[in-house]
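Breakdown of the fold
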Amino acid sequence: MERVRLRWLVEGAVVAALSVVLSYLRLWQMPQGGSITLESLPLLLLALWRGPRVGMAAGAVSGLLQLALGGYVVHPVQGVLDYPGAFAMLGVAGFLSRPWWGGFCLGTLGRFCCHVVSGAIFFGSFAPEGSSVWVYSALYNASFTVPSLLLNLALAALLWPKLRALSPSTS
Amino acid sequence: MDLFLYMDRDTAVHRLDPRTKILLLLVSFALALAFSTLPPLGVLLALVLLHGAWGAVLSNLRRIRLVLAMIALFSLVIWSIVGPGKSAGLAFSWEGVLYGLMVAAKTDLMIIAGMVFLSTTKIEEISQGLVKLGLPYRGAFAFSTAIRLVPLIVATSATIAQAQKSRGLDLDAGSFLEKIRKHVPLVIPTLISVIRSTNVFSMALESRGFGYSPQRTNFLELRMKGGDYLTVAFALALAAVGLVAKFFPQALESWGAILP
């Protein structure tokens, strides 16, 4: 068991590092933080392969690293919600490993919820007058999480036959 | 090319205990977050740069200058357009420009503080410092391993990209979907390389008996010295003054009236 846990620990660290590397390849950056990237892809795959616990731990490490290497923070709680919290929530993809795209959607939904809560509480002042801060936050965060999800799904669909062969559960 | 930020120097900042440097980083982050006006952020930025100069690591600024410039430019442009105080008929506002400058200063300040920390602290010191501060060893190990692996993965993917380009892969040609498809020969070898490295890494750790004994011994023994206590006192005093200035400005005004 110790051997297995050690392997999970190393895989989590490697995937967190890979996610940080991918976070620098930004296709679009939003003004109040958030960007369209492939950073979620390795974390979602790890959650599907190794389950929610390992996926959430790796996500939290990745979020902390991104926070340490220059996160967009206006309040400590917002920093926790938008980085370790949101990335850890990607790990819930592990609860729905079949079909794989269902797990991707669930994990991204978890991340989206964290961003929406943070946005409504800490960036609500930027909402246009008369509009609900929750609707504003949901629309703002959907504008980068939905394209990111579509990009991740497209790339994973292209890679899936090869990725399935790499999956520890099938090897 | 060296992808790690750490610079091996024999300075007072390098000799500080990693826990002290973590506290300095947290204080600089907390104060940067607490203030939303340019003068206090400017003072804090000057202090962070002074700290970096003392540690003789400011030459690393050259390596992150593009990131800092892009963040500043992006923040200024975006906040000028979507920021507060815009009147009808104008594409941007003066308040938006000032707000953009403040956000740029705040974000760049935190990145520079992080750069100074990573340039003066070895990864094993960060890991050991986090453990001494109460983080579980496995969590600290995963965190420090991930930091260590980021530059290695960048180097691996750069090598793979060069190898595929030398075989005729043209990433710039074709439609958007074709470009995505062309990234498959880059992503798959990078993933395989990363997965292979986890195997080797796990075996190396296992062969050294990682995690088999609850009583861990460390090659690096941390001990707080006089300089550390002085720095901690300074950091806490700075944080206290900063937070009082932020939340109880009238207290500082009354002190100003008493002092000559």
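What you see is a predicted model, and the numbers here were worked out from it, not measured in a lab. One numbering rule holds for all chains: residues counted from 1, following each sequence as written. The lettering of chains begins at A and the numbering of ligands begins at 1, in the order of writing. In keeping with the model being predicted, local features are shown solely for residues with a pLDDT of at least 70 and side-chain atom pairs are shown and tallied solely at 80 or more, while totals for entire chains, interfaces and linings include all residues. As a convention, hydrogens and water are excluded, and side-chain values are obtained from all of the structure's heavy atoms.

Focus on the pattern of salt bridges
Salt bridges are defined as contacts in which a side-chain nitrogen from Lys or Arg sits within 4 Å of a carboxyl oxygen from Asp or Glu. Counted by the stated rule, this structure contains 5 salt bridges over all chains. For the salt bridge of Glu11(A) with Arg50(A), the shortest nitrogen-to-oxygen distance reads 2.6 Å. Note that Glu11(A) is positioned in helix α1 (residues 2-23) and Arg50(A) in helix α2 (residues 40-50), a separation of 39 residues in sequence. The residue Arg19(B) makes a salt bridge to Asp17(B) at a minimum N-O spacing of 2.9 Å. Via salt bridges that share partners, Arg7(A), Glu11(A) and Arg50(A) belong to a single interconnected network. Only DSSP runs of H or I with at least four residues qualify as helices, and only runs of E with at least two residues qualify as strands; both kinds are numbered from the N terminus onward.

Describing the packing of helix α3 (residues 52-68) of chain A against helix α4 (residues 76-89) of chain A
Residues and elements named next belong to chain A. Every axis corresponds to a line fitted to the C-alpha atoms, with the helix fit spanning only the stretch in contact, and the corresponding angles, defined between N-to-C directions, vary from 0 to 180 degrees. Packing of α3 against α4 leaves a shortest axis separation of 6 Å and a crossing angle of 145°. Crossing handedness for the pair α3 and α4: right-handed. Mapping the contact onto sequence places Met56, Gly59, Ala60, Ser62, Gly63, Leu64, Gln66 and Leu67 in α3 and Gly79, Tyr83, Pro84, Phe87 and Ala88 in α4. Its residues placed into classes, the contact of α3 with α4 shows 8 nonpolar, 5 polar and no charged. Left-handed describes a crossing in which the near helix is turned anticlockwise from the far one by less than a right angle; the clockwise case is right-handed. The contact definition used throughout considers only heavy atoms, calling two residues in contact when any of these lie within 4.5 Å. Put simply, Ala, Val, Leu, Ile, Met, Phe, Trp, Tyr, Cys and Pro go in the nonpolar bin, Asp, Glu, Lys and Arg in the charged bin, and everything else, Gly too, in the polar bin.

With respect to the packing of aromatic side chains
The rule is short: rings of Phe, Tyr and Trp, with Trp giving its six-membered ring, pair when the centres are within 6.5 Å, and they are stacked under 30 degrees, edge-to-face over 60, tilted in between. Overall, the coordinates contain 7 aromatic pairs over all chains when judged by the stated rule. Between Trp100(A) and Phe104(A), the ring centres sit 5.3 Å apart and the planes meet at 80°, which makes this aromatic pair edge-to-face. Of the two residues, Trp100(A) and Phe104(A) are both situated in helix α5 (residues 100-122); the distance of 4 residues between them amounts to about one turn of the helix. Burial classification: accessible surface area is computed with a 1.4 Å probe over protein chains only, and a residue below 20% of its type maximum counts as buried, one above 50% as exposed, and the rest as partly exposed. On the accessibility criterion, Trp100(A) (17% relative accessible area) is buried. Ring centres 4.7 Å apart and planes at 45° place the aromatic pair Phe141(B) and Phe210(B) in the tilted group. With Phe141(B) in helix α7 (residues 137-166) and Phe210(B) in the loop between α9 (184-207) and α10 (226-247), this pair connects stretches of sequence that are 69 residues apart. Overall, Phe141(B) belongs to the buried group, its relative accessible area being 12%. Overall, Phe210(B) belongs to the buried group, its relative accessible area being 8%. Linked through ring pairs, Tyr137(B), Phe141(B), Phe201(B) and Phe210(B) together constitute an aromatic cluster.

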